[in-house]
Every structure is written in C-alpha cells, then in structure tokens.
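Single-letter residue listing:
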Amino acid sequence: MSLKPLKVSEQKRNQEKINAKMQKRKKELLDDLPPYMYIVSEGIKTEPNYIRGFVDAINSKYHEFSSGPRIFVRGTGRNTRGLLRFARTQVEKEFPQAEIVWLMYDKDDFPLDSFDNTQYSAEKRKEKRQYKVAWSNECIELWFVLHFQELEVNNGREQYQQILKKKCGYEKTLENLYELFKDKTDIAIQRARRQYESYHDVAPSKRCPATRVYELVEELWKYL
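An account of the accompanying structure is given in this report. Computed from a predicted model, the values in this text were never measured in an experiment. (Residues numbered from 1 in each chain as written. Predicted model: local features only at pLDDT ≥ 70, side-chain atom pairs only at ≥ 80, totals over all residues. Heavy atoms only, no water.)

## Brief notes about the overall build of the chain
Spelled out, the test is: By the criteria applied, helices consist of DSSP H or I runs no shorter than four residues and strands consist of E runs no shorter than two, each listed in order from the N terminus. Only protein chains enter the accessibility calculation, which uses a 1.4 Å probe. A residue is then buried if its area is under 20% of the maximum for its type, exposed if over 50%, and partly exposed in between. Only heavy atoms enter the contact rule, under which two residues are in contact if any of them lie within 4.5 Å. Note on areas: Shrake-Rupley with a 1.4 Å probe; residue coverage comes only from the protein chains shown.
A tally of helices and strands in the chain yields nine helices and five strands. When the helices and strands of the chain are placed in sequence order, the string is α-β-α-β-α-β-α-β-α-α-α-α-β-α. The buried share of the chain, reckoned over its 224 residues, is 46%. Long-range contacts, defined here as pairs at least 24 residues apart, represent 73% of the contacts in the chain between residues at least 6 apart. Total accessible area on the chain stands at roughly 12500 Å², and carbon and sulfur atoms take up 47% of it.

## Description of the side chain of His147
Convention followed: Within 3.5 Å is the distance limit for a polar contact, defined as a pair of N or O atoms, with the added protein rule that one can donate a hydrogen and the other accept it, and that residues adjacent in sequence qualify only through two side-chain atoms.
Tracing the backbone through its elements, the reader meets His147 in the loop between helix H5 (140-145) and helix H6 (157-168). With relative accessibility at 1%, the residue His147 sits in the buried group. A polar side-chain atom of His147 sits 3.0 Å from the main-chain carbonyl oxygen of Trp143. Apart from the residues within four sequence positions on either side, His147 is in contact with Tyr50, Phe181, Lys184, Thr185, Ile187, Ala188 and Arg191.

## Things to note about the layout of surface pockets
Applied cut-off: Of the grid points, spaced at 1 Å and generated over the protein atoms alone, those admitting a 1.4 Å probe that cannot get out make up cavities, while open sets with protein on both sides within 12 Å along at least five of seven lines make up pockets; any residue with an atom within 4 Å of a point is treated as lining. Grid points are joined across faces, edges and corners, and a volume is the space filled by probe spheres set on the points. Gly falls in the polar group here, along with every residue not listed as nonpolar (Ala, Val, Leu, Ile, Met, Phe, Trp, Tyr, Cys, Pro) or charged (Asp, Glu, Lys, Arg).
A volume near 180 Å³ is recorded for the largest pocket. If you trace the largest pocket, you find it lined by Thr80, Arg81, Leu84, Arg85, Arg88, Asp113, Ser114, Asn117, Thr118, Ser121 and Arg125. Taken together, the elements giving at least two residues each to the lining of the largest pocket come down to helix H3 (80-94) and helix H4 (112-124). Class assignment of the residues belonging to the lining of the largest pocket gives a composition of one nonpolar, five polar and five charged. Roughly 150 Å³ of volume is contained in the second largest pocket. As for the second largest pocket, its lining consists of Trp102, Glu123, Tyr131, Lys132, Val133, Arg212, Glu215, Glu218 and Glu219. For the lining of the second largest pocket, the per-class residue count stands at three nonpolar, no polar and six charged.

Purely spatial values, then, with no claim about function.
Printed below as a string of structure tokens:
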C-alpha cells in the first residue's frame, strides 16, 4: 500500500511550521548569547584541554550569530603571581571584546599570599571588564575527583591521580577530558559548591580541599 503524496497546500503548511520553529529557535539563541569570555589558564595542557571541550561546543552552537568565537582559551605556563598581570595585558591583544576574564589556576606549592592575593586583586579590579577566578586548592585533579566522590580531606595530587586512573583511566595529557567527565558534571558542581561554601569566610589558601572551578564550569554549562 503506497502513501499518497501530500498536496502542495499541505507541503506548504508543513514547511511554514518548520520555518516557524527554526525562527523561534534562532530567537531563543539570540536572546541568550553568552558574553565574550577570555579564559586564562596557568597550565598549558590539562586545564586548557578540559575547558576547550566546553568552549568549542559553545562557539560552534553560536557561530552563526557572531563574527568570531564568543569564548577564547589561553594556556600560559605562568605562575600564580604573574597570571593576572599577563591576563590584563594579553586580553587586549588577543580578545579585546572580552567582557569577562577568568583566571584558572592551582595552589600547588606557591606561597600562600600569592595564592590569596591573586583572587583579591582580580576581584577588586574596576575596569571595563570583570575578572573572576577558578582556582583549585591544591590541584585541578580535585575538581575531577568530585565527579566520582565527595572529598573532605586533602589527599594530595598523587592520590587524586591514582583515584582518577582507577575510575576513568585519567592521564594529565589526555585531550578528551571534557568527554571523560561531562556526564557527571551536575553532581560535581553540587559537591564542589557544598565543599567550598563549608569554609565560610576563610581565606582561599586555607580552604583545602576546595575548588572554584565549578563556578566557571557552571557558567559555561548553561550555554551548551
């Protein structure tokens, strides 16, 4: 039994419905464009590899509404003390349209005052763009572990890497880190927020284990 072809009038109505849905979708995207963001990472492999998964997906989603990318990622290899200074200079050269600059860095073995002052200096800047921080105390692997379990004690980077290796075959140089963790992003955000907020008014260097990477990820997540 063969199906009769649609009448021309019916084909036209169907196409009009499709066009209307497409226009509605475009309007929704235009109304919810992500701000221009410049993300500067202290690391040159792990952090940029991870965060570019989000960024590439967002830039692809909104590419038809922008003349270029909405979000730019730069891995630097700079230490915590010089990261803000580098970001302020480099953003003007590479991505001057940026409305928000995110600094992504670890505590590692840097002096406590350098770690604390990077956040304090970034957040008090009064310029044409906003500066935000996404640090981990003591390392980015803490954020990754929170995708799988709660953490109340700082076990150190080596232990975190061992946990991740068993859980998901983690290696610092993997390029598919976004894909490796994305299905558990929601629960990781909840755990990280709960962990961070439990310290109340304690200085960043005293919040260990803790991470603010969840704030950056939460911001990016809503545009996917």
